[in-house]
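A look at the structure
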Amino acid sequence: MAKGTRVTQKEKERMWKLYQQYGSFKKVAEKMQRDPGTVSRYVHEIEAAVGSATYILNAVE
């Protein structure tokens, strides 16, 4: 991908799923033709969202 191209929500979700499968930012980046730093940024973003949602759901119980 060209530098500066935007990452869609579907790509972010795919990055996260692939990271769960491969466990490596580098492998996901190669598969998606993205920079490992970009993959890392969005995987961490989704993990933070999932963690926040889990915390909130557990606090309600």
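Residues numbered from 1 in each chain as written. Predicted model: local features only at pLDDT ≥ 70, side-chain atom pairs only at ≥ 80, totals over all residues. Heavy atoms only, no water.

Following the sequence through the fold, V50 ends up in helix α3 (residues 36-60). In this structure the C-alpha to C-alpha distance between V50 and M32, which are 18 residues apart in sequence, comes to 22 Å. (Helix = DSSP H or I, 4+ residues; strand = E, 2+ residues; numbered from the N terminus.)

Attention shifts here to the confidence of the model for the chain. The share of residues in the chain with pLDDT of 70 or more is 93%, and the mean pLDDT across the chain is 91. Predicted confidence in the chain is weakest over α3, with a mean pLDDT of 91, and strongest over helix α2 (residues 25-32), with 97. (pLDDT = per-residue confidence, 0-100.)

For the rest of this paragraph, the subject is the packing of aromatic side chains. If you walk through the whole model with that rule in mind, you get 1 aromatic pair. Ring geometry for Y19 and F25: centres 4.6 Å apart, planes at 10°, overall stacked. (Phe/Tyr/Trp six-rings, centres within 6.5 Å; stacked < 30°, edge-to-face > 60°.)

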